[in-house]
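Fold and geometry: a report
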Amino acid sequence: MDNQPTAPRTALSIRGLSKTYKGGLEALRDVNIEVNEGEFLVILGPSGAGKSTLMRCLNRLVEPTAGAIFHQGREITSPKQNLRDLRRQFGMVFQQFNLVKRVSVLTNVLTGRLAYRSAWRSLFYSFPQADKRIAVECLARVNMEHKAFQRADTLSGGEQQRVAIARALAQQPAVILADEPVASLDPKIARQVLNYLKQISRELGITVLCNLHQVEYTREFAERVVGMSRGTVVFEGVSSQLTDEVLHRIYYRDPGDADREDAE
Amino acid sequence: MAAPNVSAVASGMPGADRILRELQSRKTWRVHHLLLAAAAIAFLTWCADAVDLRPREVIYAIPVIGEYFARMWPPKWQFADNLWQPAAETIYIAVWGNVIATLIGLPLGVLAASNVTPSGVVRNGAKAILNLFRSISELIWAIFFVSAVGLGPFPGALALGMNYGGILGRLYAEAIENVDRGPIEAMQATGAGRLQVILFAIFPQALPQFVTYNLYWFEVGVRSATVLGMVGAGGIGFELVTAIRLFEWREVGVVLLLILGMVTVIDFASTYLRSKIY
Amino acid sequence: MTAPAFDSVVAGALREEAGIRNRRVLKACGWTAFAAGVLYFTATQIGMKPAALVAGLPFMWDFLTRLLPPDLTYFQYLVGATIETVQIAIWGTLLAVLFSVPLALLGARNTTPHILVFHATRMFLNALRSINELVFALIFVSAVGLGPFAGVLAIALHATGMLAKFCAEEAEGVEKGQVEAMQATGASKLQVILFGVIPQVIPAFISYTIYRFDVSIRSATVLGLVGAGGLGFSLIKTMKLFKYHETATCILVIFLLVLVSDWICAKLRARVL
């Protein structure tokens, strides 16, 4: 990978995205973001700002109410888009890791390959050798291959999140969506996990979108930052531009805003 | 003694007086309380009368029942030789009843779970079938199957399978609905299909529950299988009914002891196995 | 990690995976063979043949056509039996509650007066639990004659076994702190049980009693098969007379009764807990 600062290509472009939930909660309002190929983009904002909804619109776990998203020039929000093909290209990492606790680490990573395989083969819980190789390689990337055969619930939080990253990697995705990946981890482990994500982005050229609510991690890891507040983008720039004034814009809330929080 | 002290303090404070008064007034029975109690007593008396539960009859019945149990002693041990085969059959019926119940309950349970089956029509249909199977006792099912495939343990197993299939199916559905949603979302995010989500995110999480339920209802099934013989559906119940009809109380005693032993052993085994699941 | 080192780590893990997989497949085959053997043996023992089932299908169909449609005019004769079924369940459960409170206290480790009493009570309760209520009903019908009284006693005994055991286990699981606080005030053993143990057990006990009542309704619908009153008696009577349309009505009423009781009990339990 060369890191020449050539003109970056656009990986994702989000245009006029809005999402209003059934109860009338407006989670996103006219969001416009351009994401460059291979960058590590942090979406910063308090909880309830709409970050999670934005991510779930990208792999369409949530259907946006209005607007469009383009991935490498193709509109992925069109009704014709095959969901399986789409989600395969977006790996996702969650705050609560979301591993299946009672099965082995390796099997958890192998589930990242499911979208490539037929349901009938899955019926026997068997995977081709090629998939196993990919899974083991992904585990080795996050230095977890030595625990491949342990049950997922025997691992610590940080280890589980590394396995979850390996699962996302096993999809061989173009983009990884990390939704508050370190919110349940202590600071030392959190930095380690963010390092892995950043290293993957750099070495494999995978675009990483990472939701965070902590300013210090954002300053430390982000290449570029999008600040969100109450469903809209209020800042876009590099981390050195995160001044007190900007942070105030992101984190300030009306007293009447409290009820937004539990909805997301 | 501290007690007089405390009460002196209490009566000295107007607040405490109010609370004590309130306590006093709470204790008094209001008219509607009395009416409610009277209605309840009248209702229960009416019920008791309808089911012949009258003091005189109870007093008469207790020694009679005691006498019947006394007649079972000493057990006629040699009768046990006729019982080994039916006892084993009882357990076989319970085993196959459990297998059939799983075969019926699993697909219906999956279809009845709201986080797997989005279609309300399918879900409610599955629930309705499970309710039908569940609500009709295994003995009534047994009567039905005996008339279809003839006397013997086979209709007994089918009957247990139908009744317990309905019970297990509902429990399976609840277990499926209670799994952690996180892994399901993660699996959907990888692009896995519906069947794959069920296989990789839901089953591994719900499996310990499934096994626990199966073991527990196997225990209950053995107890049920001991009476299937009363309607000709195999097992030790037939020997029991025959012995009672022939007033061979010492033989009845042996049957009861054998059932007791069998059920106890299976309870222990099943409890042990269930404690092993995690 | 350098590229060759990375490759060798991956190769090692894959080799290990193959080994584990082989062992697992072998183990799975062993267990499958064992289970298949057990199931095959038991199937032959109880004469389970798919062929018998297939051969029985026409008979089942025949029986069904004779049952259907239910004779709805017979419904009026079942009102009495339905009420009797509910009455049997009510008194069976009520007697079980009365019996099981003292038995539960004797059968819980922390409230029993003596360890021997504890073991004896538990053994007695296990015996009550193990014997199906229909077996009790059969014996009681011989002893006190046909009728609902035998059914009430049968349900009461079986339910006592269930209820008392559950209650005893709940009593053993109470929070120690409250009991200790009570002992610290110098309360007597009986006072500790009354004010420290029982209040903690009551909600679960009520909830389980309601559940038990639901089960009792279910049991009461079949007690009549052995002559102990309720809807089961009408069921078996109409069958013996080959009045199958009336039998179907009985089954329908049983189904509705169980459904309604299930629904009411679920609602009640949700309010208690």
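Criteria and cut-off values
Residues numbered from 1 in each chain as written. Chains lettered and ligands numbered in written order. Predicted model: local features only at pLDDT ≥ 70, side-chain atom pairs only at ≥ 80, totals over all residues. Heavy atoms only, no water. Helix = DSSP H or I, 4+ residues; strand = E, 2+ residues; numbered from the N terminus. Rg over C-alpha atoms; globule rule 2.2 N^0.38 Å. Buried < 20%, exposed > 50% of the residue type's maximum accessible area, 1.4 Å probe, protein only. Patch = residues over 30% accessible without salt bridge, like charges linked within 9 Å, V, L, I, M, F, W, Y side chains within 5 Å. Areas by Shrake-Rupley, 256 points an atom, 1.4 Å probe, with all protein chains shown as cover. Salt bridge = Lys/Arg side-chain N within 4 Å of Asp/Glu carboxyl O. Lys, Arg positive; Asp, Glu negative; His and termini not counted. Charge placed at Lys NZ, Arg CZ, Asp CG, Glu CD. Contact = heavy atoms within 4.5 Å. Buried area = accessible area lost by both parts, 1.4 Å probe. Nonpolar A, V, L, I, M, F, W, Y, C, P; charged D, E, K, R; others polar. Core = buried A, V, L, I, M, F, W, Y, C linked by side-chain atoms within 4.5 Å. Pairing = 2+ DSSP bridges. Axes fitted to C-alpha atoms, helices over the stretch in contact; angles between N-to-C directions. Phe/Tyr/Trp six-rings, centres within 6.5 Å; stacked < 30°, edge-to-face > 60°. Lys NZ or Arg CZ within 6 Å of the ring centre and 35° of its normal.

In terms of helices and strands, chain A carries 10 helices and 10 strands. For 264 residues, the compact-globule formula gives about 18 Å, and the C-alpha radius of gyration of chain A, at 18 Å, lands near that figure. Projected onto its principal axes, the C-alpha positions of chain A cover 50 × 45 × 45 Å. Out of the 264 residues belonging to chain A, those deemed buried represent 55%.

A surface patch of positive charge is lined by Arg121(A), Arg21(C), Arg24(C) and Lys27(C). It is helix α1 (residues 3-45) of chain C that contributes the most residues to the positive patch, three residues altogether. In this structure, Lys27(C) sits in helix α1.

A word on the pattern of salt bridges. All names here are of chain A. The tally for this structure, following the rule as stated, stands at 34 salt bridges over all chains. In this structure, the salt-bridge partner of Arg-224 is Glu-39, at a minimum N-O distance of 2.9 Å. Highlighted residues: Arg-224 in strand β9 (residues 224-229) and Glu-39 in the loop between β2 (26-36) and β3 (40-44), separated in sequence by 185 residues. We note a salt bridge from Glu-236 to Arg-224, for which the minimum N-O separation is 3.5 Å. Of the two residues, Glu-236 is situated in strand β10 (residues 232-237) and Arg-224 in strand β9; the sequence distance between them amounts to 12 residues.

The partner chain A presents 12 residues to the 10 residues of chain C that form the contact. Three residues stand out in chain C for area buried against chain A, namely Phe6(C), Leu14(C) and Glu17(C), and they jointly supply 44% of the buried area on that side. Where chain C touches chain A, the interface holds one salt bridge. Lys132(A) is the salt-bridge partner of Glu17(C), the closest N and O atoms lying 3.7 Å from each other. Taken together, the residues of the side of chain C that touches chain A sort by class into seven nonpolar, no polar and three charged.

Membership of the largest hydrophobic core comes to 202 residues, with the highest contact counts inside it found for Leu139(A), Ile176(A) and Met230(B). Sort the elements by how many residues they give to this core and helix α10 (residues 194-228) of chain B lands first, with 15 residues. When near neighbours in sequence (up to four residues on either side) are disregarded, Met230(B) contacts Gly237(B), Phe238(B), Leu240(B), Val241(B), Leu134(C), Val135(C), Leu138(C) and Val226(C). Counting residues in hydrophobic clusters, the runner-up holds 28 residues, among them Ile69(A), Leu86(A), Met228(A) and Ala186(B).

Paired through backbone hydrogen bonds, the strands of a sheet run either parallel or antiparallel to each other. All names here are of chain A. If you trace the six strands from one edge of the open sheet to the other, you get β6-β7-β8-β3-β9-β10, paired in mixed fashion. This sheet does not close on itself; its edge strands, each paired only once, are β6 (90-93) and β10. Direction aside, the axes of adjacent strands within the sheet are offset by 20° on average. Sheet topology places β3 next to strand β8 (residues 207-212); five bridges connect them, and they run parallel. For Phe-40, the partnering residue across the bridge sits in β8 and is Val-208. This element, helix α1 (residues 51-58), spans β3, β6, β7 (175-179), β8 and β9 of the sheet and lies at about 155° to β8.

This brings us to the interface of chain C and chain B. Taken together, the contact between chain C and chain B spans 56 residues of the former and 59 residues of the latter. In total, about 5,100 Å² of surface goes out of reach between chain C and chain B, with carbon and sulfur atoms giving 79% of it. With a closest N to O distance of 3.6 Å, Asp262(C) and Arg134(B) form a salt bridge. For the side of chain C that touches chain B, the element with the highest residue contribution is helix α5 (residues 133-144) of chain C, accounting for nine residues. Its residues assigned to classes, the side of chain C that touches chain B comprises 43 nonpolar, eight polar and five charged.

Read across the sheet, four strands follow the order β2-β1-β4-β5 (chain A) without closing on themselves; strand pairing throughout is antiparallel. The open sheet has two edge strands, β2 and β5 (74-75) of chain A, and neither has a second partner.

Next up on the list: the packing of aromatic side chains. Scanning the model with the defined rule gives 22 aromatic pairs over all chains in all. On the numbers, 5.9 Å between centres and 45° between planes, the contact of Phe43(B) with Trp46(B) is tilted. Of the two residues, Phe43(B) and Trp46(B) are both situated in helix α3 (residues 31-50); the distance of three residues between them amounts to about one turn of the helix. Taking relative accessible area as the criterion, Trp46(B) reaches 48% and is therefore assigned partly exposed. Consider the rings of Tyr208(C) and Tyr211(C), whose centres lie 5.7 Å apart with planes at 45°: the pair is tilted. Note that Tyr208(C) and Tyr211(C) are positioned in helix α8 (residues 189-223) at a spacing of three residues, about one turn of the helix. Tyr208(C) gets classed as buried once you look at its relative accessible area, which sits at 15%. Taken together through their ring pairs, the aromatic side chains of Phe133(B), Trp141(B), Phe144(B), Phe145(B), Phe63(C), Phe242(C) and Tyr244(C) make up a single cluster. If you follow Arg88(A) out to its NZ or CZ, it ends over the ring of Tyr116(A), 4.5 Å from the centre.

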